[in-house]
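Architecture and fold: a report
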Amino acid sequence: RGAPPGVGAARGGSAPPPPPPQSRPPPTTEPPLSGRQHRAPPCGVPAKDSAAIVAERQEVAWSRLESFLENGAGPVRFNDIPWPPPGVSITGVAPGDSGPVAKRRLAVALRRWHPDKWRRILDRVPEDEQAVVTERVKVVAQRLLEEKARLTSLNGLFR
């Protein structure tokens, strides 16, 4: 009975090699500052509520990182940084937000993710992780600029 056709010894060879490892950030030995991983909001949660939930979780995670930075204890690892989840608004601007609220959220995100503002954090990132953190910040900043362009083109929100 052996292996199914085309697999392993049934073809007269050894098992196929395992797939190549996926590119991941270096593992950390300390628990992430940001706590739990970001998860998609549950089904049935309205878009505005889900955006608000994600934005609130991001703010809590950033508060933890800020406290850690102020206390001056230990390195900041890649996984300690509360990276915005893919496919989710970086600004936290939700449908129905007023112009002033949207502007404030955009301004906070622009300051937070501007690569020039990261020196105080990068100084605490281990040398072997600095390049990957810097590159990820640039990617997030580019996503943020694209989000800003979409927001500013909608009904002249920021004009």
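Just so it is clear, the model here is predicted, and its values are computed rather than measured. Numbering of residues starts from 1 in each chain and follows the order in which that chain's sequence is written. With pLDDT at 70 or above as the cut-off, local features in this predicted model cover only qualifying residues; side-chain atom pairs require 80 or more to be listed or tallied, and sums for whole chains, interfaces and linings still use all residues. Each side-chain value is worked out from all heavy atoms of the structure, with water and hydrogens disregarded.

What follows is about the confidence of the model for the protein. Residues shown with low pLDDT carry predicted positions that ought not to be read at fine detail. Confidence of the predictor in every single residue is expressed as pLDDT, which spans 0 to 100. Confidence in the prediction for the protein averages 75 pLDDT; 65% of positions are at 70 or higher. Strands here mean DSSP runs of E at least two residues long; helices mean DSSP runs of H or I at least four residues long; both are numbered from the N terminus. Confidence scores differ between elements of the protein, with helix H1 (residues 47-71) showing the lowest mean pLDDT of 82 and helix H4 (residues 127-153) the highest of 94. Contacts are residue-level and defined by heavy atoms, with any inter-residue pair within 4.5 Å sufficient. Overall, residues 2-12 carries pLDDT values under 50, and its contacts beyond four positions in sequence, including any with other chains, amount to seven contacts.

The next point concerns the packing of aromatic side chains. Working definition: an aromatic ring pair is given by the centre-to-centre distance plus the angle between the planes. Working definition: a ring pair exists when centres of Phe, Tyr or Trp rings (six-membered ring for Trp) sit within 6.5 Å. Plane angles under 30 degrees give stacked, over 60 give edge-to-face, the rest tilted. Scanning the entire structure with this criterion turns up six aromatic pairs. Summarising the aromatic geometry, the rings of Trp62 and Trp113 are spaced 5.5 Å apart at their centres and angled 85° between planes, so their arrangement reads as edge-to-face. With a gap of 51 residues between them, Trp62 in helix H1 and Trp113 in helix H2 (residues 99-113) connect regions that are remote in the sequence. Working definition: with a 1.4 Å probe on protein chains only, accessible area under 20% of the residue-type maximum means buried, over 50% means exposed, and in between means partly exposed. The class for Trp62 is buried, based on a relative accessible area of 3%. Taking the relative accessible area as the measure of exposure, Trp113 reaches 2% and is therefore buried. On the numbers, 6.0 Å between centres and 5° between planes, the contact of Trp83 with Trp118 is stacked. Placement of Trp83 in the loop between H1 and H2 and of Trp118 in the loop between H2 and helix H3 (119-122) is noted, with a sequence separation of 35 residues between them. Through successive ring pairs, a cluster of aromatic residues spans Trp62, Phe78, Trp83, Trp113 and Trp118.

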